[in-house]
Amino acid sequence: MHALTDALTKARAQTLRLCADLTDEQMTAEPECQMALNHPAWVLGHLFMLDAFAADMLGMHLTSPVDEAWAERYGPASAPDAQQGGPGRGELIEQMAMVRERLVGRLESMCGGEDSLDVPTPDETFREDFPTLAHLVQYLLWHEAYHAGQLSAWRRAMGLAPVGVAFLGGGA
């Protein structure tokens, strides 16, 4: 496995581990604290949206539920809402795992092969931020870790036990 795809796989495993013991009700719960925290349903929907976008940029054109309504609910300009609806925890986690698995498979075939990540991002509107597909994939990794940190903070604010890492033997 390529180092980049290994990191993407481990990052997603950690994100899902942070939600593995939650109920559907907890997925949209908002802790009683002085700071606004993104609840797990929003974080997962938001991460899924970026994976679907990246898959599209890599020419995968997957069938996914990401549409205008999804973008309004989970997009960068959206705000978590306890009543926001959307798929349940199990369905969302299943979709996230499936899309990430396919995305990693596509990236594996591109890393070091004839297809390369060192090509311009196909959508010109994103080239300023992500000049190449490699930049976009590195952003995927950073973005996942950023939101996993939010999930960890949300868990603490909710009084839930911390979870260990999904690798390094699963310890804390």
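Everything discussed here concerns the structure shown above.
Here is a short report on the structure shown in this document. What you are looking at is a predicted structure, and each value in this text was computed from that prediction instead of being measured.

### A closer look at the packing of helix α1 (residues 3–17) against helix α3 (residues 40–57)
Stage number 1. Contact geometry for α1 and α3: axes closest at 12 Å, N-to-C directions at 155°. Relative to α3, the element α1 lies roughly antiparallel. The two elements α1 and α3 cross, and the hand of that crossing is left-handed. Counted together, Arg-12, Thr-15 and Leu-16 of α1 and Leu-44, Leu-47 and Asp-51 of α3 form the full contact between these two elements.
Stage number 2. Partitioned by chemical class, the residues of the contact of α1 with α3 number 3 nonpolar, 1 polar and 2 charged.

### A closer look at the nonpolar core
Stage number 1. Counting 23 residues, the largest nonpolar core has Cys-19, Leu-44, Phe-48, Trp-70, Leu-92 and Met-96 as the members making the most contacts within it.
Stage number 2. Elements with a contribution of two residues or more to this core: α3, α4 (68–74), α5 (89–110) and α6 (133–157).
Stage number 3. With 7 residues, α3 is the single largest residue contributor to this core.
Stage number 4. Discounting chain neighbours no more than four positions away, the residues touching Leu-44 are Thr-15, Leu-16, Cys-19, Met-27, Leu-92, Ile-93 and Met-96.

### A closer look at the side chain of His-39
Stage number 1. Mapped onto the elements, His-39 comes out in the loop between α2 (24–27) and α3.
Stage number 2. Judged by relative accessible area, His-39 falls into the buried class, the value being 0%.

### Overview of the state of the cysteines
Stage number 1. Under the criterion given, the structure shown has 0 disulfides.
Stage number 2. As a non-bridged cysteine, Cys-19 has Cys-33 as the owner of its nearest cysteine sulfur, 17 Å distant.
Stage number 3. For Cys-33, a relative accessible area of 33% corresponds to the partly exposed category.

### Observations concerning the side chain of Arg-100
Stage number 1. Looking at the element boundaries, Arg-100 is found in helix α5.
Stage number 2. For Arg-100, a relative accessible area of 3% gives the class buried.
Stage number 3. At 2.9 Å, the side chain of Arg-100 and the side chain of Asp-51 are in polar contact.
Stage number 4. There is a polar contact of 2.9 Å between the side chain of Arg-100 and the side chain of Glu-144.
Stage number 5. In this structure, Arg-100 is in contact with Leu-8, Arg-12, Asp-51 and Glu-144, ignoring residues within four places of it in sequence.

Criteria and thresholds
- Residues numbered from 1 in each chain as written.
- Predicted model: local features only at pLDDT ≥ 70, side-chain atom pairs only at ≥ 80, totals over all residues.
- Heavy atoms only, no water.
- Axes fitted to C-alpha atoms, helices over the stretch in contact; angles between N-to-C directions.
- Helix = DSSP H or I, 4+ residues; strand = E, 2+ residues; numbered from the N terminus.
- Parallel < 35°, antiparallel > 145°, perpendicular 65-115°, else oblique.
- Left-handed = near helix turned anticlockwise from the far one by under 90°.
- Contact = heavy atoms within 4.5 Å.
- Nonpolar A, V, L, I, M, F, W, Y, C, P; charged D, E, K, R; others polar.
- Core = buried A, V, L, I, M, F, W, Y, C linked by side-chain atoms within 4.5 Å.
- Buried < 20%, exposed > 50% of the residue type's maximum accessible area, 1.4 Å probe, protein only.
- Disulfide = S-S within 2.5 Å.
- Polar contact = N/O pair within 3.5 Å; in protein donor to acceptor, adjacent residues only side chain to side chain.

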